[in-house]
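# Residue-level structural notes
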Amino acid sequence: MFLCIDMEKFELHILGCGSALPTTRHFPTSQVVNVRDKLFMIDCGEGAQLQFRKSRLKFSRLNHIFISHLHGDHCLGLPGLVSTLNLLGRTADLHIYSPEGLEKLLRPMLMFLNRQMTYEVVFHEFETREPAVVFEDRSITVTTIPLRHRLPCCGFLFAENPRPRHLLRDMLDCYGVPVSEFNRIKNGADYVTPEGEVVPNERLTSPSDPPRRFAYCSDTIYCPGLAAQLQGVDLLFHEATFEDEDAPRAKETFHTTAGQAARLARDAGVKKLLIGHYSARYEDESRLLQQAQACFPQTQLACETLCVPI
């Protein structure tokens, strides 16, 4: 019998999945990854804080924001969000990760709009040419995914860190293992009885659940080479701004079609594909879904307030 069997929370919330031109149907890009009730925002287009409320997320649990690139539809929601957190009396630091230039753009605006800040905004700049770890704690590691767009741009890979093994309660009771030994055994140690018998760890535990991974690919031209870094992820969000018939326009603007996103998902062997960042020219995204599913059936359309367990 397992001492603990519940999968810990790891889920994606879509706050906005439209592209640069505003529409009445979609908000600009923003997402939140919830890892064990710690919230990580990815991109922050206009309206992100409103959608944050609609998704019933808690501002107090948001401490890290990752910005893929400095186009307005991915970062212009930041001044309003930072100001709202100030009005709420936040005291914890807010960490913002981005390519070079965001602090130079945002700091003067924050100083003008918020003369008395109740908390510190900490900026972290990263290079966009090679993958790099930009954040790590006990639960998650965040690595950049270099992309090709009109500005320096990166996606992000959220990889759950390996968890301790599951304790087998009936075996622990059988050998009379004291509670003080549980953590050591969960982390792989054998147990030595008072009589000196060594009980192998494999007899007292079972393997933990495989670590889960979510990959976010923001604005980018089709890059087949990404498949190596994305290999086998549980969920891939990839932009699909255009239908396949508009591939020339996608190439011209450094964006991707639905079919191209699906080919990448297929080649990377991902478990599920979520597409978004829809061009305002389309009144109905069902055609995008059909084109993606023709190549990769495990495709789903993103939409506002959608929550996807990982």
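Anything mentioned here points back to the structure above.
Anyway, here's the lowdown on the structure attached to this text. (Residues numbered from 1 in each chain as written. Predicted model: local features only at pLDDT ≥ 70, side-chain atom pairs only at ≥ 80, totals over all residues. Heavy atoms only, no water.)

Okay, the pairing of strand β3 (residues 38–44) next. By the criterion of burial, β3 is predominantly enclosed, with 6 of the 7 residues buried. As paired strands, strand β2 (residues 30–35) and β3 are joined by 6 bridges and run antiparallel to one another. By the bridge assignment for β3, Ser30 is matched with Cys44. Here β2 folds back onto β3, and the loop between the two strands holds 2 residues, one of which, Arg36, carries a positive phi near 55 degrees. One ladder, built from 4 bridges, connects β3 with strand β4 (residues 62–66); its direction is parallel. Its bridge partner being in β4, Phe40 is matched across the sheet by His64. In this view, the connection linking β3 to its parallel neighbour β4 by way of helix α1 (residues 48–54) has right-handed handedness. (Buried < 20%, exposed > 50% of the residue type's maximum accessible area, 1.4 Å probe, protein only. Helix = DSSP H or I, 4+ residues; strand = E, 2+ residues; numbered from the N terminus. Pairing = 2+ DSSP bridges. Right-handed = clockwise from strand over helix to strand, strands pointing away.)

Attention now moves to helix α10 (residues 258–268). Across the 11 residues of α10, 8 count as buried, placing the element largely inside the fold. Considered for burial, the residues of α10 that qualify are Ala258, Gly259, Gln260, Ala261, Ala262, Leu264, Ala265 and Ala268. Contacts made by the buried residues of α10 are with α8 (227–230), β15 (235–239), β16 (273–276) and α11 (286–295). Just beyond α10, the residue with positive phi is Gly269, at close to 65 degrees. (Contact = heavy atoms within 4.5 Å.)

Counting 57 residues, the largest nonpolar core has Val33, Phe66, Phe158, Phe214, Leu230, Leu236 and Leu274 as its most contacted members. Among the elements that make up this core, the one with the highest residue count is α10 (6 residues). With residues up to four places along the chain from it excluded, the contact list for Leu274 reads Leu12, Ile14, Leu235, Leu236, Phe237, His238, Gln300, Leu301, Ala302, Leu306 and Val308. (Core = buried A, V, L, I, M, F, W, Y, C linked by side-chain atoms within 4.5 Å.)

Our next topic: the sheet that holds β15. Each strand in a sheet pairs with its neighbour through backbone hydrogen bonds, running either in the same direction (parallel) or in the opposite one (antiparallel). Spatially, 7 strands are ordered β7-β8-β9-β14-β15-β16-β17 in an open sheet, and the strand pairing comes out mixed. If you trace the sheet from one side to the other, it starts and ends with β7 (133–136) and β17 (299–301), each paired once. Across the sheet, the mean angle separating the axes of adjacent strands is 20 degrees when strand polarity is ignored. Note: strand β8 (residues 140–146) against strand β9 (residues 154–160), 7 bridges, orientation antiparallel. By the bridge assignment for β9, Val142 is matched with Phe158. Packing of α11 onto the sheet brings it into contact with β16 and β17, and relative to β17 it is tilted by some 170 degrees. (Axes fitted to C-alpha atoms, helices over the stretch in contact; angles between N-to-C directions.)

This is a description of form; function is not addressed.
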